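# Overview (structure and organization)
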Amino acid sequence: MYNKDSRKDWVGAVVTAGLGAGIVTTFAISQGQHPLMALGITGFAIAATLVIDHYS
């Protein structure tokens, strides 16, 4: 907001989103969800994080 020239930490955002979504989807897989669906959810969470981080 104040420092428009700051460099964003893309790797940190991806790792944080991947770990957060990965924990939730690991639980979902243990309850019977298909693993490819879980990977899709994790990928969507990472993509959404990158888009939000880019425009914020």
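As the structure is a prediction and not an experimental result, all values here were calculated from the model. (Residues numbered from 1 in each chain as written. Predicted model: local features only at pLDDT ≥ 70, side-chain atom pairs only at ≥ 80, totals over all residues. Heavy atoms only, no water.)

## A short note on helix H2 (residues 35–55)
So the rule is basically this: A run of H or I in DSSP counts as a helix once it spans at least four residues, and a run of E counts as a strand once it spans at least two, with each numbered from the N terminus. To estimate how far a helix should extend, the number of its residues minus one is multiplied by 1.5 Å. Exposed residues in this analysis have more than 50% of their type's maximum accessible area, buried residues have under 20%, and partly exposed residues fall in between, with area computed by a 1.4 Å probe over protein chains only. Starting at the helix axis, one direction is taken to each C-beta atom, and the arc is that of these directions. By definition in these notes, contact holds between two residues if any of their heavy atoms fall within 4.5 Å.
Between its first and last C-alpha atoms H2 spans 31 Å; for 21 residues at 1.5 Å apiece the expected length is 30 Å, and the two agree. Considered for burial, the residues of H2 that qualify are Ala 38, Thr 42 and Asp 53. Mapping the buried residues of H2 onto a view down its axis gives an arc of 40 degrees, with all of them on the same face. Structural note: H2 exposes Leu 36, Phe 44 and Tyr 55 on the side pointing more than 90 degrees away from its buried face. Packing partners of the buried residues in H2 comprise helix H1 (10–30).

## A closer look at H1
Spanning 21 residues, H1 covers 30 Å between terminal C-alpha atoms, matching the ideal 30 Å at 1.5 Å per step. Buried residues of H1: Ala 13, Ala 17, Ala 21, Gly 22 and Thr 25, and no others. Following H1 by one or two positions, Gly 32 has its phi on the positive side, about 115 degrees.

## Side note on the environment of Ala 13
Position of Ala 13 relative to the elements: it lies in helix H1. Judged by relative accessible area, Ala 13 falls into the buried class, the value being 13%. In this structure Ala 13 touches Thr 49 and Asp 53, once residues within four positions along its chain are discounted.

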